[in-house]
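Here are the chains, one letter per residue:
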Amino acid sequence: IARYAGYCRELTGPGVKPMPPVLLGIARHSRDHTEAVYNRVVIPKFAAMVPAPKVRVVRFGTGTHAYEKSEDGLPMGLVPAVARLWHDAITEGYYLHG
């Protein structure tokens, strides 16, 4: 528990590592997770951290907050696209370069 407490916010003190890079995704038809909310609330909260982590928001052109919900042309919803995004971020070094 001590290792992960506060993981989603900056920590202070000697020997504390900075927050790692953050990768967020917004589905086009998500009711609560909208681009406006991310621009007004989420991104500024990360930007206010010292030091501020690298943050990227990927805006998917379709889908709902339930990424697995199927729709025309996407029988598994956004799951394959989200998995590919994370795979590419990990294998191409996004999390290595803050």
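Because the structure is a prediction, the values reported are computed rather than measured.

Some thoughts on the overall build of the protein
Helices and strands together make up the secondary structure of the protein, namely 2 helices and 2 strands. Sequence-ordered secondary structure for the protein, helices as α and strands as β, is β-α-β-α. Counting across all 98 residues of the protein, residues that qualify as buried make up 26%. Expressed as a percentage of contacts within the protein between residues at least 6 apart in sequence, the contacts between residues at least 24 apart total 60%.

Brief notes about helix α2 (residues 79–91)
Taking 1.5 Å per residue, 13 residues should reach 18 Å; α2 reaches 18 Å between its end C-alpha atoms and fits that length. The positive-phi residue at the C-terminal boundary of α2 is G93, with phi of around 90°.

Quick look at the side chain of S30
Take S30: it is sitting in the loop between β1 (22–26) and α1 (35–47). Among residues more than four places away in sequence, those in contact with S30 are G63, T64 and H65.

Criteria and thresholds
Residues numbered from 1 in each chain as written. Predicted model: local features only at pLDDT ≥ 70, side-chain atom pairs only at ≥ 80, totals over all residues. Heavy atoms only, no water. Helix = DSSP H or I, 4+ residues; strand = E, 2+ residues; numbered from the N terminus. Buried < 20%, exposed > 50% of the residue type's maximum accessible area, 1.4 Å probe, protein only. Contact = heavy atoms within 4.5 Å. Expected span 1.5 Å × (residues − 1).

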